[in-house]
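A look at the structure
Residue-level listing of the chains:
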Amino acid sequence: MTTGAGTGALPAEYPEPLWAQAKAALLTRIRNGEVKPGSRLPPERELCQMLAISRVTLRKALTALVDEGVLRPAHGRGWYVTRAERGDWPNTLESFSETAHRMGLTATSRVLRRGLGPCTYDEAGAFQIAPGTRVYRLDRVRMLDQVPIAVDQSLLPADVAEGFDDIDFTTASLYDVLTARGRRPAQAETTVEARAADADLAAHLDIAAGTPVLEMRQIVRDPAHRPLLSSAIRYAGDRYRLRTSFSRSAEA
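Everything numeric here is computed off the predicted structure, so don't read it as measured data.

We now examine the pairing of strand β9 (residues 227-236). Burial analysis of β9 places 10 of its 10 residues in the buried class, which makes it a mostly covered element. Pairing between strand β6 (residues 147-157) and β9: six bridges, direction antiparallel. Residue pairing in the sheet places Val151 in a bridge with Arg234 of β9. Across nine bridges, the pairing between strand β8 (residues 212-221) and β9 is antiparallel. Paired with Arg217 across the bridge in β9 is Ala232. Linkage of β8 to β9, two consecutive antiparallel strands, is achieved through a turn of five residues, within which His225 is found at a positive phi near 70 degrees.

Structure below.
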């Protein structure tokens, strides 16, 4: 980010408050790649000189960007651009790739494990099959614009995953593959819990061990209610926000 006295000064006569103009100016520079995800902004003194605003005004702009998930403060060290701007994940069933497209981002994956193997007792319950039955495991680090967002561990019945070894899941959407085979995901039972990242998960997500993550567990079913896949997806806590809605009956 270019700095210097007077550079990029905000017009005082503009109808928006100066803090809102400062927020917009900083956001533009971040989105243009002048400050990369994970990098620190210039010191507040330099930002005040660059934008020709007071530190109080700057702090209001920076705090607003923190509230939107664009920045994160580090006590005594400054303000950092988050690894990925947070968007609302929907309360409808859509794939990671569909969510990325809606947000204007590119979804890719790094495949950690794939292949057939026997299921455990707990895994068998999700598919109503006998323990030890062969199932297909697909573990991936899910990324948005090359930023790691989550580790996705998916499990599918062997017949549903036939031929999966020939599919490039670094770019392919699992939901799209299933739909193309006439096995459209239609409904999911979902639970979300907070967990602490262990060392392996932390390494995949580029976070510190012990950092809070959100674990989403799902059993996804087709229109006939047959279980298609079971998944455990662990999201970096500062890169994920779940949006939902509630209603109250008229009788209440």
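Next comes the rest of the description.
What follows concerns unusual backbone geometry. The residue Gln128 is not glycine, and still its phi comes out positive at about 55 degrees. With respect to the element layout, Gln128 can be found in the loop between α5 (121-127) and β5 (134-144). With relative accessibility at 68%, the residue Gln128 sits in the exposed group.

Attention now goes to the pattern of salt bridges. Overall, the coordinates contain 14 salt bridges when judged by the stated rule. Close ionic contact of Arg59 with Glu44 constitutes a salt bridge, the shortest N to O distance being 2.7 Å. Of this pair, Arg59 sits in helix α3 (residues 55-67) while Glu44 sits in helix α2 (residues 44-51), placing them 15 residues apart in sequence. Each of Glu193, Arg195, Glu215, Arg217 and Arg234 takes part in a single network of salt bridges with overlapping partners.

In this section: helix α1 (residues 18-31). A rise of 1.5 Å per residue sets the reference length of α1, with its 14 residues, at 20 Å; its end C-alpha atoms lie 20 Å apart and thus fit the reference within 8%. When we look at burial in α1, the residues that qualify are Ala20, Gln21, Ala22, Lys23, Ala25, Leu26, Leu27, Arg29 and Ile30. Just downstream of α1 lies Gly33, where phi reads positive at about 85 degrees.

Position of Gln218 among the secondary structure elements: in strand β8. Side chain to side chain, Gln218 and Thr190 meet in a polar contact 3.0 Å long. For Gln218, the contacting residues outside a window of four places in its chain are Leu93, Tyr175, Ala188, Glu189, Thr190, Leu229, Ser230 and Ser231.

Procedures and definitions
For every chain, the first residue of the written sequence is number 1, and numbering continues from 1 onward in sequence order. Only residues with pLDDT of at least 70 get local features here, since the model is predicted, and only at 80 or more are side-chain atom pairs given and counted; chain-wide, interface and lining totals rely on the full set of residues. Side-chain figures throughout are based on the complete set of non-hydrogen atoms in the structure, without hydrogens or water. Throughout this description, buried means an accessible area under 20% of the type-specific maximum (1.4 Å probe, protein chains only), exposed means over 50%, and partly exposed covers the range between. Each helix is a run of DSSP H or I of at least 4 residues and each strand a run of E of at least 2, with the numbering of both proceeding from the N terminus. Following DSSP output, two strands are said to pair if at least two bridges run between them. The term salt bridge refers to a pairing of a side-chain nitrogen on Lys or Arg with a carboxyl oxygen on Asp or Glu at a separation within 4 Å. One fewer than the residue count of a helix, multiplied by 1.5 Å, yields its expected span. A 3.5 Å cut-off defines polar contacts: any pair of N or O atoms within that distance qualifies, except that in protein one atom must be a possible hydrogen donor and the other a possible acceptor, and neighbouring residues in sequence count only when both atoms are side-chain atoms. In this description, contact between two residues means that some pair of their heavy atoms is separated by no more than 4.5 Å.

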